[in-house]
Amino acid sequence: KAGVTQTPRYLIKTRGQQVTLSCSPISGHRSVSWYQQTPGQGLQFLFEYFSETQRNKGNFPGRFSGRQFSNSRSEMNVSTLELGDSALYLCASSFSSGGELFFGEGSRLTVL
Amino acid sequence: GENVGLHLPTLSVQEGDNSIINCAYSNSASDYFIWYKQESGKGPQFIIDIRSNMDKRQGQRVTVLLNKTVKHLSLQIAATQPGDSAVYFCAENIGPQGGSEKLVFGKGTKLTVNP
């Protein structure tokens with residue numbers, strides 16, 4: 001059974017640009033969550049989607065957005081990138097909203 | 001606000017020793033706690049979880065203890081092996097569904113196992 005797949009694994013952007021990250025959950029999983037990981041702030045919750053609906057949201061500015069498709073795949077978008085957005089963005093999926101989370105290996109974003 | 005923290009940023013043990021990693025949380029209403037292990041270059045990996053109606057739960061070589069009185073969580077690893085070297089995070093659920101849908105993570109403890 002394939003794990004959570006995130007693409008791209010690494011990317012470099014410049015300030016002001018936007019970026020879209022993709023996450024394919026484990027087959028059959030309907031809940032997808034996104035986390036930002038930085039050395040200073042650690043792992044911080046961004047949002048959670050379940051059956052194409054955003055059910056929970058963290059304390060991030062509106063530049064951070066996401067969506068989930070009918071096949072449970074999810075994307076997150078960051079617009080008007082800032083240097084502080086450099087981070088490892090982790091996607092996690094679970095069968096149900098309260099189930100065990102399975103994390104992908106992350107997309108490492110560097111903003112120059 | 002919600003805050004889950006860790007007492008020690010690093011822990012070094014000898015192979016074969018037992019390891020204890022501690023975590024303090026601040027939200028007394030939280031009812032679900034999880035420990036994760038993160039190896040370099042990888043995403044966090046689930047180790048063990050515990051609900052607030054329990055004070056101890058055991059897995060394979062790992063035990064989680066929950067003390068709700070002092071809002072303290074610990075992870076015990078028996079007979080620590082070099083493969084246990086990683087960063088360990090505790091996480092607290094603050095989502096309305098009572099599961100893993102919205103987690104607050106601690107800063108992490110880096111465990112180093114010396115051969």
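Quick note: structure is the one above.
Now for a look at the structure at hand. Just so we're clear, the structure is a prediction, and the values are computed from it rather than from any experiment.

### Here we look at the overall build of chain B
Okay, step 1: Looking only at helices and strands, chain B has zero helices and 11 strands in total.
Okay, step 2: Listed N to C, the secondary structure of chain B is β-β-β-β-β-β-β-β-β-β-β in terms of helices and strands.
Okay, step 3: Across the 115 residues in chain B, those meeting the buried criterion constitute 46%.
Okay, step 4: Expressed as a percentage of contacts within chain B between residues at least 6 apart in sequence, the contacts between residues at least 24 apart total 54%.
Okay, step 5: For chain B, the exposed area adds up to about 5500 Å²; of that, 46% sits on carbon and sulfur atoms.

### Overview of the nonpolar core
Okay, step 1: Within the largest apolar cluster, 21 residues are counted, with the highest numbers of intra-cluster contacts made by Trp34(A), Leu46(A), Phe64(A), Met76(A) and Tyr89(A).
Okay, step 2: Those elements that place two or more of their residues in this core are strand E3 (19-24), strand E4 (31-38), strand E5 (42-50), strand E8 (74-78), strand E9 (87-94) and strand E11 (107-111) of chain A.
Okay, step 3: Among all residues touching Phe64(A), those that are not within four sequence positions of it are Gln36(A), Leu46(A), Phe47(A), Met76(A), Asn77(A), Val78(A), Asp85(A) and Tyr89(A).
Okay, step 4: Residues Phe33(B), Trp35(B), Ile50(B) and Tyr88(B) belong to the second largest nonpolar core, which totals 20 residues.

### Some words on the interface of chain A and chain B
Okay, step 1: The partner chain B presents 19 residues to the 24 residues of chain A that form the contact.
Okay, step 2: Taking both sides of the interface into account, the surface hidden between chain A and chain B amounts to around 1600 Å²; carbon and sulfur atoms contribute 50%.
Okay, step 3: Our count for the contact surface shared by chain A and chain B stands at zero salt bridges.
Okay, step 4: At the junction of chain A and chain B, the tally comes to five residue pairs in polar contact (both at pLDDT 80 or more).
Okay, step 5: Here the element with the most residues in the side of chain A that touches chain B is E5(A); it accounts for four residues.
Okay, step 6: The residue inventory of the side of chain A that touches chain B, partitioned by class, reads seven nonpolar, 11 polar and six charged.

### Focus: the environment of Thr110(A)
Residue and element names in this part refer to chain A.
Okay, step 1: Within the secondary structure, Thr110 sits in strand E11.
Okay, step 2: Considering only alpha carbons, one finds Thr110 and Arg15, 95 residues apart in sequence, at a separation of 9.9 Å.
Okay, step 3: Excluding its chain neighbours within four sequence positions, the residues that come into contact with Thr110 are Leu11, Ile12, Lys13 and Ser86.

### A look at the state of the cysteines
Residues and elements named next belong to chain A.
Okay, step 1: Applying the stated criterion to the full structure yields two disulfides over all chains.
Okay, step 2: A sulfur-sulfur separation of 1.8 Å characterises the disulfide bridge that pairs Cys23 with Cys91. Here the S-S torsion is close to -60°, and the disulfide linking Cys23 with Cys91 is therefore left-handed. Here Cys91 lies in strand E9 and Cys23 lies in strand E3, a separation of 68 residues in the sequence.

About the criteria used
- Numbering of residues begins from 1 in every chain and follows the order in which that chain's sequence is written.
- Throughout, the order in which chains and ligands are written sets their labels, letters from A for the former and numbers from 1 for the latter.
- This being a predicted model, a pLDDT of at least 70 is required before a residue's local features are given, and a value of 80 or more before pairs of side-chain atoms are given or counted; all residues contribute to the totals for chains, interfaces and linings.
- Side-chain numbers here rest on the full set of heavy atoms in the structure, without hydrogens or water.
- To qualify as a helix, a DSSP run of H or I must reach at least 4 residues; to qualify as a strand, a run of E must reach at least 2; elements of each kind are numbered from the N terminus.
- Between buried and exposed lies partly exposed: a residue is buried under 20% and exposed over 50% of the maximum accessible area for its type, with that area taken using a 1.4 Å probe on protein chains only.
- Contact definition: two residues touch when any of their heavy atoms are within 4.5 Å.
- Each accessible area value is a Shrake-Rupley result obtained with a 1.4 Å probe; residue values ignore everything except the protein chains displayed when judging cover.
- What is meant by a nonpolar core is a set of buried Ala, Val, Leu, Ile, Met, Phe, Trp, Tyr and Cys residues, joined one to another through side-chain atoms within 4.5 Å.
- Accessible area that two parts lose when put together, with a 1.4 Å probe and added across both, is what the buried area reports.
- Salt bridges are identified by distance alone: a Lys or Arg side-chain nitrogen within 4 Å of an Asp or Glu carboxyl oxygen.
- Whenever two N or O atoms come within 3.5 Å, that pair is a polar contact, provided that in protein one can donate a hydrogen and the other can accept it, and provided that, for residues adjacent in sequence, both atoms are side-chain atoms.
- Any residue outside Ala, Val, Leu, Ile, Met, Phe, Trp, Tyr, Cys, Pro, Asp, Glu, Lys and Arg is labelled polar, Gly included; the first ten of those are nonpolar and the last four are charged.
- A pair of cysteine sulfur atoms is labelled a disulfide when the two atoms are within 2.5 Å.

Coordinates in, geometry out; function isn't part of it.
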